[in-house]
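# What the coordinates show
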Amino acid sequence: MNIYYDKDIDYAEIFLKKCENYGEDAGNGVTIFKSEETDEIIGYGFESALTRVFAAEGLSSKAKLAFLLKATRECNGYTQEQVIKRLSNKSGRQYQRAEAGENISLDMLDEIQAALPEADFSKILPSKDKRTA
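Let me sum up the structure you'll find in this document. Keep in mind it's a predicted model, so treat the numbers as computed, not measured. (Residues numbered from 1 in each chain as written. Predicted model: local features only at pLDDT ≥ 70, side-chain atom pairs only at ≥ 80, totals over all residues. Heavy atoms only, no water.)

### Observations concerning the sheet that holds strand S1 (residues 2–6)
Sheet architecture is open: five strands sit in the order S1-S2-S5-S4-S3, paired in antiparallel fashion. The sheet terminates laterally at S1 and strand S3 (21–27), the two strands that pair on one side only. If you compare each strand with its neighbour and ignore which way they point, the axes differ by 15° on average. Both strand S4 (residues 30–35) and strand S5 (residues 41–47) contribute to a ladder of five bridges, which runs antiparallel. (Pairing = 2+ DSSP bridges. Helix = DSSP H or I, 4+ residues; strand = E, 2+ residues; numbered from the N terminus. Axes fitted to C-alpha atoms, helices over the stretch in contact; angles between N-to-C directions.)

### Considerations on the pairing of S1
Two strands pair when backbone bridges link them, and S1 and strand S2 (residues 11–15) are joined in this way by five bridges, in the antiparallel orientation. By the bridge assignment for S2, Asn-2 is matched with Phe-15. Connecting S1 to the next strand, S2, in antiparallel fashion are four residues, including Asp-10 with a positive phi near 50°.

### Focus: helix H4 (residues 92–99)
Along H4, the residues that are buried comprise Gly-92, Tyr-95, Ala-98 and Glu-99. The buried residues of H4 occupy an angular sector of 125° when the element is viewed end-on, so they sit on one face. Those residues of H4 that are buried lie in contact with S1, helix H2 (61–75), helix H3 (80–86) and helix H5 (106–115). Where H4 terminates, the next one or two residues include Gly-101, which has phi positive at roughly 85°. (Buried < 20%, exposed > 50% of the residue type's maximum accessible area, 1.4 Å probe, protein only. Arc of directions from axis to C-beta. Contact = heavy atoms within 4.5 Å.)

### Section: unusual backbone geometry
Negative phi characterises most residues that are not glycine, and trans characterises most peptide bonds. Although it is not a glycine, Asn-28 adopts a positive phi angle of roughly 55°. Examined against the element boundaries, Asn-28 turns out to sit in the loop between S3 and S4. Positive phi, close to 50°, is recorded for Ser-48, a residue that is not glycine. The residue Ser-48 is located in the loop between S5 and helix H1 (49–55) in this model.

### Examining the side chain of Glu-99
With respect to the helices and strands, Glu-99 occurs in helix H4. Residue Glu-99 is classed as buried on the basis of its relative accessible area, which comes to 7%. Side chain to side chain, Glu-99 and Tyr-95 meet in a polar contact 2.6 Å long. The residues contacting Glu-99, other than those within four sequence positions of it, are Ile-3, Ala-66, Leu-69, Lys-70, Arg-73 and Gln-80. (Polar contact = N/O pair within 3.5 Å; in protein donor to acceptor, adjacent residues only side chain to side chain.)

### Brief notes about the pattern of salt bridges
Scanning the entire structure with this criterion turns up seven salt bridges. In this structure, Arg-73 and Glu-99 form a salt bridge, with 2.7 Å as the shortest nitrogen-oxygen distance. Highlighted residues: Arg-73 in helix H2 and Glu-99 in helix H4, separated in sequence by 26 residues. Taking the relative accessible area as the measure of exposure, Arg-73 reaches 9% and is therefore buried. Across the pair Glu-102 and Arg-93 runs a salt bridge, and its minimum N-O distance is 4.0 Å. In this structure Glu-102 comes out as partly exposed when scored by relative accessible area, which is 35%. When salt bridges that share partners are traced, they join Lys-70, Arg-73, Glu-74 and Glu-99 into one network. (Salt bridge = Lys/Arg side-chain N within 4 Å of Asp/Glu carboxyl O.)

What follows is the structure, encoded as structure tokens:
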């Protein structure tokens, strides 16, 4: 996964894989990127990203977590190295994996929450009302 975020204009692109692509306007400030070869969805672009990413139904919780980490870090002016220094076990590679949308342990997620208290982790899972509807 590759995530680009511009905090100055609150715009994000989240690509699930790399390939030649084209974008289609999905409305409401969202662009869907599709593979030129297969028309498979391979990414998304979001205006007003800090709200739209978390409301996106086609985006996995892993992708939302990765965006949350990157956006929180960048909005607060931290480098990855600064966040890694705040982790109790100093596992830089595990943090980098989380920010890249790869699987991490719940223990690591607990450490990241402690290291980035500014991050609102409640945004990454759908509300209970949406799951039962």
